[in-house]
Structure formats: C-alpha cells, structure tokens
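Next come the chains, spelled out residue by residue.
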Amino acid sequence: MKKYLSFFKLRFATGMQYRMASVAALTTQLIWGLMECLAYKAVAEAMGGRIPMDYTSIVTYIWLKEALFILFNTWAADNELFAMITNGDVAYELCRPVSIYSMWFSRTAGARIAEALMRCIPVLFCAFLMPRAYRMTLPVSGVSFLLFLGTLLLASGITVSFCMLVYMLSFFTISPQGWRMVLTGAVGFLSGNIIPLPFFPKKYLSLLELTPFAYMQNVPFRIYSGDLAGAEVSRCIIKQIFWLVTLMLAGVVLWKQAEKRIVIQGG
Amino acid sequence: MKFKENMKLYVKYAAVCTQGIMQYKLSFFLMVFARFMIAFCELIAIKFLFSGLTQIKGYTYGDVLLCFSMIQMSFTFAELFGNGFKVFSGMVRRGEFDRLLLRPCSLILQVIGSRFEVGRTGPLLTALVTLVLGIRHSQITWNLLTVWTIAAMIIGGMFLFIGLFMLEASLCFFTIEDTSLMNALTYGAKEHSKYPIDIYGKGVMRFCTYIIPYTLIQYYPLQVLLGKTREWYFAFCPLGILVFLVICYVVWQFGVKNYQSCGS
C-alpha cells in the first residue's frame, strides 16, 4: 500500500508543479496586461479627444492580446520541426505518404489552437473581473462576435502560414536560429503587438496595409470592440483571404524547391 | 589577491564562451542584428505614440527616450553578465550544478562565467543612439551630478536586474522547473519602465519602491536629472541597490545550503 501511496504522491507533486507553472504564467500575463492598461490610461489622458482608438477598445485589445498571444506569436514556432530539419530526422517525415507542407501546417495550427484555448479561459475570466477602468468589455454585438471568430481563424491561418515560410527557409541553411530571429523579430511590432496599428502615422500605416502583417491580430481584435466596423470589415476579410492563399502558395513553392535540393546530413 | 584571481578566471571563461559562439559566425551576427532590430522596433513604437502627443503626465518625448535607453542598457548588461543565472534551471535539471559544487572555486563565478554570451549585446547600439537622442531632446544641465546620475542609473539598473536573475535562479533550488513568474519582474520591468514609473499611478509606485526597488534606479534619480526636484540627494538612490543585492545573495546562499541534487 505504501508504494502506491508514494506513486500517488509523486504524480500529485508533478501535477502540482505544472499547476504552479500555469498559475505563475497567468499572474505574469495579468500583471503585463494591467501595466499596459495603466500606460494607455495615461496616454489617453494626455491625448484627450485626439486619440486614434478609444480607451475601452484599447483595454479590450490588450486583454485579447494577452489571452490569445500564443496564436500570434511567430517566435514560438514548433521547436521539434526545427530540430528535425537540423538533425536529419526529417528523413523519416519524407518517407510518409503525405505532403510535408499540409502535415506541418495542420500540426502547427493544431498545437497553437489547443494551447490558446487552454490559456485564454483563465485570462479572459480575470479580465472580465478587473476593476471597471481596466475591465474587458463584451463584444459590441452578436454579429461582430461572429465576425471576430471568423477573422480570428483567418488571422491565425496567416500567422501559421508565415511560420511555415520560416520552416521552409530553414531547409536552405545549417543554423536556422539566426534567420528565424531576424525573420520573426519585427513581426510583433508590425502586427500591432507593441502598439495597436491605429497609433501608427497614416503614411506608414498605408504602407503596412500592403503587407500580411496588418491582417494578423489587428483585424479580429478591433472587430471585437467595434473599432473596426462597416465596409472596412469586408475589405479586411477579403485581404485576409488573399494573404492566406498567397502565403500558403509561397510556402508550397518554397517546399518544392527545398525538396529538390534537400541533403540529409548524418543520422 | 583572491579578487584578482577570480577576475582573471572570469575573463578566461568569457573568452572561451566567446570563442565557442564565434564558431557559428553567421548565426552570431544574425542574432545580434535581430536583437538590435527588436529593440529598434520598440524605439519606433515610442516615436509613433508620441507623434500625437506632447507629454504624458509632464514627461516629454525626450524624457521617455532617456528612460527607455537607460533601462535597455541596464538590462542588456545584466543579461550579458548574468546570463548564467537565467539559464540556471537547465543547469540544475541536467545535474551540471552538482559538478560546479565540487570545484574549489566561487560558485557564482562559475555560474555566470560559464554562460557568458556576447550575442546579448545587440540592443546596446539602439540604446546608445536613443540615449544621445534623449539627451538632445530633453534639456539637461550638464554638471558632475548629472553625469553621476546617468551612470548610476545604468549601473544600478544592471545590478538590480542581476539581483533579480539571481532570485530567479535561487527559486530553481526549490521548484526545479522554470517558473515564469519572475518574467513579470524582469522582462516586464524592462518593457514597462520605458515610461517613468509614476505614470502608472500610486499602487505601482509603492510596489516598485518597497517590494522591488525599481524607483531607486529610475523615478527618483530621474527627477534630479530632469531638474524636477531640488532634492539633490535623490541622485544617490541607486546606491540602495547594494542592499537589494545583499538580500538576493542571502537568498541564493540559503538555496545553495538547502540544495538537494535532482539526479539524472
């Protein structure tokens, strides 16, 4: 009996370890979000009526960003895939009678969505319970919530297909970590992770709207709070679909190139 | 004598680590460039935010640039010298730390020496440019006191972050796993102290003074630097970080004493 008890204790302790880790992660995210809210409150006070995005929309934007950050974090790509590419295990993947691109795409998307679903619930729960000035709001209408879900899916698709490009480029270099950092380094800024895109000066914003980065988290988060509405929404959805298809095609083309010249070293 | 020997050893450690990294030159330069770029993006974000603003709670664009650059520098130096503490959980898990315990040599020296990473210097260039921009934008009256204040803020900040990394490492003695809780105190602080701490309100100010003394290296000396106060002795607040470091060291020592190897 004693040995079973100790097995139980062991597993329990391991479980608690993970619980501690997730409580810690949640606390970190809440502190982070709250600090951002406080900073934008000061910004809103200083800007007054000239603010390009109203304060409650910003607060909601911040909490959505915290809750779903894993969906849009291009840096947190699948490390196993990078390891496979560098250590040659990718040879096993090549033996399977499936397309590498589709397999890796679904694998990355699945992992991200599962983790985001798990992480977003406690963050959102707390965000709705914050003091009034820092509280997340409900979506402006049922329609905008549905549009939010749809564009969220498209936006994560764009992010994953961007990550796929990074994977595919790693086939062309021996040490992918450096390239990976350069390629993903600016994405956070360009997709509105540091400051929401409405804060960008008009000139730069119109340039940015020619790239896929403006159609990542920027679109769904602003639809949710009603900051993005009307004809603008349908235009954004069309561009999202355009970029999703373009990036996926680019990824497939790149893969065809990589497949031709792939060299498995060692093993 | 002991100190001199330790310094020599540290330099040797750093040289060996650098040599190791330099084996992958392209990767190294790309990483330095990427880190520079990430910091640069943050600078641009501040510039964009201030394109519609003249001041936040009495602080101008130049003042914020000063805060941003100094905290970037402190953090970068702390990462450069204290990287060993940051990757410490891995050392404990792999049992490498047990090996360090056997050697007749300072533990801290071994921990920070063995993981010296030159690639961390990427954001320094951004920080330096920003510092110059910030100094030009905000009218600082130059005298010995202001020079001291700038230096003390940067160096004090570095020691503050090293102390925090040390606390983070000490936690590993008890939890083994990496906990991200400390990230809020290290990365979070780097991220959010680009604005003077008092814009966040009274609650945050209290936390940042009595729990983790960020205000000692930012808010108080900054007031002297910007000529917002007559209390010249605020410039010497960064010295208070020494007390904080001693506390971190005591925690670390307590951890080492109670360390039970985790095998493997």
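Use the structure listed above.
Everything numeric here is computed off the predicted structure, so don't read it as measured data.

Visitor: Sorry if this is basic, but what is going on with the overall build of chain B here?
Guide: When helices and strands are counted, chain B shows 12 helices and 2 strands. From first element to last, N terminus to C terminus, chain B shows the α and β order α-α-β-β-α-α-α-α-α-α-α-α-α-α. Dimensions of chain B along its principal axes, counting C-alpha atoms only, are 60 × 45 × 40 Å. Every one of the 264 residues in chain B was classed for burial, and the buried ones make up 42%.

Visitor: For this particular structure, what's the right way to read helix 9 (residues 181–192) of chain B?
Guide: An α-helix turns once per 3.6 residues; consequently, residues spaced three or four apart project the same way. For helix 9 of chain B, with 12 residues, the first-to-last C-alpha span of 16 Å sits near the 16 Å given by 1.5 Å per residue. The set of residues buried in helix 9 of chain B consists of B:Ala184, B:Thr186, B:Ala189, B:Lys190 and B:His192.

Visitor: What should I look at first to understand the interface of chain A and chain B in this one?
Guide: By convention, interface size is frequently given as the accessible area that disappears when the constituent parts associate. Facing the 31 residues of chain A at the interface are 34 residues of chain B. At the level of secondary structure, the elements contributing two or more residues to the side of chain A that touches chain B comprise helix 1 (2–47) and helix 8 (176–185) of chain A. Considering every element that reaches the side of chain A that touches chain B, the biggest residue donor is helix 1 of chain A, with 16 residues. Residues of the side of chain A that touches chain B, tallied by class, amount to 23 nonpolar, 7 polar and 1 charged.

Visitor: What is the right way to look at unusual backbone geometry in this model?
Guide: A negative phi angle is the norm for most residues apart from glycine, just as the trans form is the norm for most peptide bonds. With phi around 45°, B:Lys57 is a residue other than glycine that occupies positive phi space. Tracing the sequence through the fold places B:Lys57 in the loop between strand 1 (55–56) and strand 2 (59–60).

Visitor: How should I be thinking about the packing of helix 7 (residues 142–170) of chain A against helix 12 (residues 231–261) of chain A in this particular structure?
Guide: Residues and elements named next belong to chain A. Relative to each other, helix 7 and helix 12 sit at 25°, their axes nearing to 9 Å. With respect to each other, helix 7 and helix 12 are oriented roughly parallel. Two packed elements cross with a definite hand, and for helix 7 against helix 12 that hand is left-handed.

Conventions used here
- Residues numbered from 1 in each chain as written.
- Chains lettered and ligands numbered in written order.
- Predicted model: local features only at pLDDT ≥ 70, side-chain atom pairs only at ≥ 80, totals over all residues.
- Helix = DSSP H or I, 4+ residues; strand = E, 2+ residues; numbered from the N terminus.
- Buried ≥ 20, exposed ≤ 12 C-beta atoms within 10 Å, placed from the backbone.
- Expected span 1.5 Å × (residues − 1).
- Contact = placed C-beta atoms within 7 Å.
- Nonpolar A, V, L, I, M, F, W, Y, C, P; charged D, E, K, R; others polar.
- Axes fitted to C-alpha atoms, helices over the stretch in contact; angles between N-to-C directions.
- Parallel < 35°, antiparallel > 145°, perpendicular 65-115°, else oblique.
- Left-handed = near helix turned anticlockwise from the far one by under 90°.

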